[in-house]
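Topology and contacts: notes
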Amino acid sequence: MHIRLNHNSGEPIYRQIIEQVKYLVASGDLSPGSKLPSIRGLAEKLKVNPRTIVKAYDELKAGQVVVMRQGQGVFVAEPEQFCSETIRREKIADLSRRLLAEAARLGASTVEVLEIFKEESEKIKSGDK
Amino acid sequence: METTVSIKNLCYSYDDKQVLNDVNLETVRGSVVAILGPNGAGKSTLFRLISGLLFPRSGELNLFGRDCRKLYKNRPFISGVCIDGAEPSPKEKVKTIVDLESGIIKDFDKSKFLAEMEKSDISAKQRYGELSKGQKRYLLSRLTLSGKRDLILLDEPGDGLDLKKRRELYDSIRDYANSHNATIIVATHIINDIERITDDVLILNKGKVSLHGELEDIREDYRIVRSYANSKIDTSQFEIIARSVTQDETTFLAKADYQTWQSLNLGMSIEIEPITLENLYLTITGETGEENE
């Protein structure tokens, strides 16, 4: 699992880990059922306190991105474990409203938003960053 | 989490000059703690107090739950310390320094250690006084990080080292804290190095604690808010922790929760900056940072 931290972006490290794991799941680099590194192992690799990894993994678990299996470790959740269709649609609609509101504030048109959205989708598919 | 160092209302003066004024600090196992502050802020005095080279005049200083006055009564605590005033004599040979330490440290591979020092042009035969400042720091820091300890104090461990060596040293500080569940307190001026690995931050200024907290929490809830041309700022949505005012700029260190910051828009001439250790330090100490550029 390839994670790159930026220590002077001001973004909390645990949030950077969460975002990047989510991205790796979305891009398919981390497939459902695959095992995430151990807390100690990832802390050593990233040179952070193990508590930071615990915090990130806990939130990923709360967001149902990963599941924890007692004594075995942390695994990427199966997509159907995420949520029902109604909840899924509701969540996506909510995210879209927030995206559109922010875009409007920045003066971007819906067409421009869709364009960027398409570009980013392509990037995720090709595993690019 | 077990508390390692606990300091409450600690004051210290040399003659009539007060150098530490009502200092509070609590550290836990497995943490790296950065102590930052301008020269003369009281960092060295704090280190001397924690390491038993000085005794507190007023306030409490407990190590692993024990009062330092009792703990240090019969033996000065100098193991695990790499600070000014606790250095070997300049006449001492590197080999002797390492020999002495190897008597204290369990499972210490002396020849491996000396071989590693050779790579930094430090030979066993040299006298301590013949080493450069950087080599001295490197030798003592590495020696300190070789044994099994619960508490380590390092004063400017990267001083005089090149970037690559500093990186290695700071990585090994982080690894040590993780693998030994130890507390490592580091005083430094090189903010970028410590920002990568630290858990807690304590900023000392003129003997007082200006800020103390976990860096992750500070990144989450704190922002630097700058207003140019002294535009009016609506301060109702955040708490002001510190402020500095110049002729054409007002800077706040402000606190609110993460979600508030995500949605806050204060207007055209007001900038909200995320926290870096550098802008945090400059805002708190009121230094402009210009002399460093």
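Computed from a prediction, not measured in an experiment: that's the story for all the values here.

When the pLDDT values of chain A are averaged, the result is 89; 95% of them are 70 or greater. When pLDDT is averaged over each element of chain A, helix H3 (residues 50-62) of chain A comes out on top at 96 and helix H4 (residues 79-82) of chain A at the bottom at 62.

Okay, the layout of surface pockets next. Here the largest pocket is characterised by a volume of approximately 2,300 Å³. Contributions of two or more residues to the lining of the largest pocket are made by helix H1 (13-26), H3, helix H5 (85-105) and helix H6 (110-126) of chain A together with helix H9 (258-263) of chain B.

Another aspect to go through is the sheet that holds strand S4 (residues 58-63) of chain B. Residues and elements named next belong to chain B. Strand order in this open sheet of four strands is S2-S1-S4-S5, and the pairing throughout is antiparallel. Two strands lie at the open edges of the sheet, namely strand S2 (17-28) and strand S5 (66-67), each paired on one side alone. Summarising the sheet, strand S1 (residues 3-14) and S2 pair through seven bridges and their orientation is antiparallel. Residue pairing across strands places Ile7 opposite Leu25, the latter belonging to S2. Together, S1, S2 and S4 form the strand contacts of helix H1 (residues 43-50), whose direction differs from that of S1 by roughly 120°.

Attention shifts here to H1(B). For an α-helix the count is 3.6 residues per turn, leaving residues at separations of three or four pointing the same way. Taking burial as the measure, the eight residues of H1(B) include six buried ones, the bulk of the element. Phi for Gly52(B), located one or two positions after H1(B), is positive at around 85°.

Residues and elements named next belong to chain B. In terms of domain boundaries, chain B breaks down into domain 1 (3-85 + 131-206) and domain 2 (216-292). Measuring from the centre of the C-alpha atoms in domain 1 to the corresponding centre in domain 2 gives 29 Å. Each partner contributes to the interface: domain 1 provides nine residues, whereas domain 2 provides nine residues. Across the domain 1 to domain 2 interface the summed buried area is about 900 Å²; carbon plus sulfur atoms make up 69%. For domain 1, the biggest contributors to the area lost against domain 2 are Ile191, Glu195 and Ile203; these three give 53% of the whole. Linking domain 1 with domain 2 are zero salt bridges, by the criterion used here. In terms of residue class, the side of domain 1 that touches domain 2 is built from six nonpolar, two polar and one charged.

Residues and elements named next belong to chain B. Counting 49 residues, the largest nonpolar core has Leu139, Ile173, Ile184, Ile194 and Leu253 as its most contacted members. Of the residues that make up this core, three or more belong to each of domain 1 (3-85 + 131-206) and domain 2 (216-292). Listed in part, the 27 residues of the second largest apolar core include Leu10, Tyr12, Leu25 and Ile35.

Residue and element names in this part refer to chain B. Topologically, Gln126 is positioned in the loop between helix H4 (110-119) and helix H5 (133-144). Within polar-contact distance, the side chain of Gln126 engages the backbone nitrogen of Ser123 at 2.9 Å. What Gln126 contacts, discounting residues up to four positions off in sequence, is Glu92, Lys93, Val94, Asp121 and Leu131.

All names here are of chain B. Its identity as a non-glycine residue notwithstanding, Asp22 has a phi of 55°, on the positive side. Mapped onto the fold, Asp22 is located in strand S2. Backbone geometry places Lys206, a non-glycine residue, at a positive phi of 50°. Locating Lys206 in the fold gives a position in the loop between strand S9 (200-205) and strand S10 (208-214).

On to the interface of chain B and chain A. Interface size is commonly expressed as the accessible area that is lost once the parts come together. Each partner contributes residues to the interface: chain B has 25 residues there, and chain A has 20 residues. Taken together, the two surfaces of chain B and chain A that pack against each other cover about 1,800 Å², and 40% of this comes from carbon and sulfur. Three residues stand out in chain B for area buried against chain A, namely Asn178(B), Glu216(B) and Arg219(B), and they jointly supply 29% of the buried area on that side. Counting the contacts that link chain B with chain A gives two salt bridges. Its salt-bridge partner being Glu220(B), residue Arg15(A) comes within 2.7 Å of it at the nearest N-O pair. Taken together, the residues of the side of chain B that touches chain A break down into six nonpolar, seven polar and twelve charged.

Cut-off values and rules
- Counting from 1, residues in each chain are numbered in the order their sequence is written.
- The naming scheme follows written order: chains are lettered A onward, ligands numbered 1 onward.
- Residues qualify for local features only when their pLDDT is at least 70, as the model is predicted, and side-chain atom pairs are given and counted only at 80 or more; totals for whole chains, interfaces and linings, by contrast, use all residues.
- Think of the side-chain values as coming from all heavy atoms in the structure, minus any hydrogens and water.
- pLDDT is defined as a per-residue confidence score from the predictor, taking values between 0 and 100.
- Runs of E in the DSSP output that reach at least two residues are strands. Runs of H or I that reach at least four are helices, and both are numbered from the N terminus.
- The rule is simple: put a 1 Å grid over the protein atoms alone, call a set of points where a 1.4 Å probe fits but cannot get out a cavity, call an open set with protein on both sides within 12 Å along at least five of seven lines a pocket, and count a residue as lining if it has an atom within 4 Å of a point.
- Grid points are joined across faces, edges and corners, and a volume is the space filled by probe spheres set on the points.
- Between any two strands, at least two bridges found by DSSP are needed for them to pair.
- Between two residues, a contact is recorded if the distance between any of their heavy atoms is within 4.5 Å.
- Throughout, an axis means a line fitted to C-alpha atoms (over the contacting stretch in the case of helices), and angles, computed between N-to-C directions, take values from 0 to 180 degrees.
- For every residue, the accessible area (1.4 Å probe, protein chains only) is compared with the maximum for its type, and the residue is labelled buried under 20%, exposed over 50%, or partly exposed between those bounds.
- Domain boundaries shown here were taken from an automatic or database domain assignment.
- A simple way to read buried area is as the amount of 1.4 Å-probe accessible surface that goes missing from two parts once joined, with both sides added.
- For this document, the term salt bridge refers to a Lys or Arg side-chain nitrogen within 4 Å of an Asp or Glu carboxyl oxygen.
- Note that Gly is not counted as nonpolar here; it falls among the polar residues with everything else outside the nonpolar set of Ala, Val, Leu, Ile, Met, Phe, Trp, Tyr, Cys and Pro and the charged set of Asp, Glu, Lys and Arg.
- For this analysis, a nonpolar core means a set of buried residues of the types Ala, Val, Leu, Ile, Met, Phe, Trp, Tyr and Cys, connected via side-chain atoms within 4.5 Å.
- N or O atoms closer than or at 3.5 Å make up a polar contact, with two conditions inside protein: a donor-capable atom paired with an acceptor-capable one, and, for residues adjacent in sequence, both atoms drawn from side chains.

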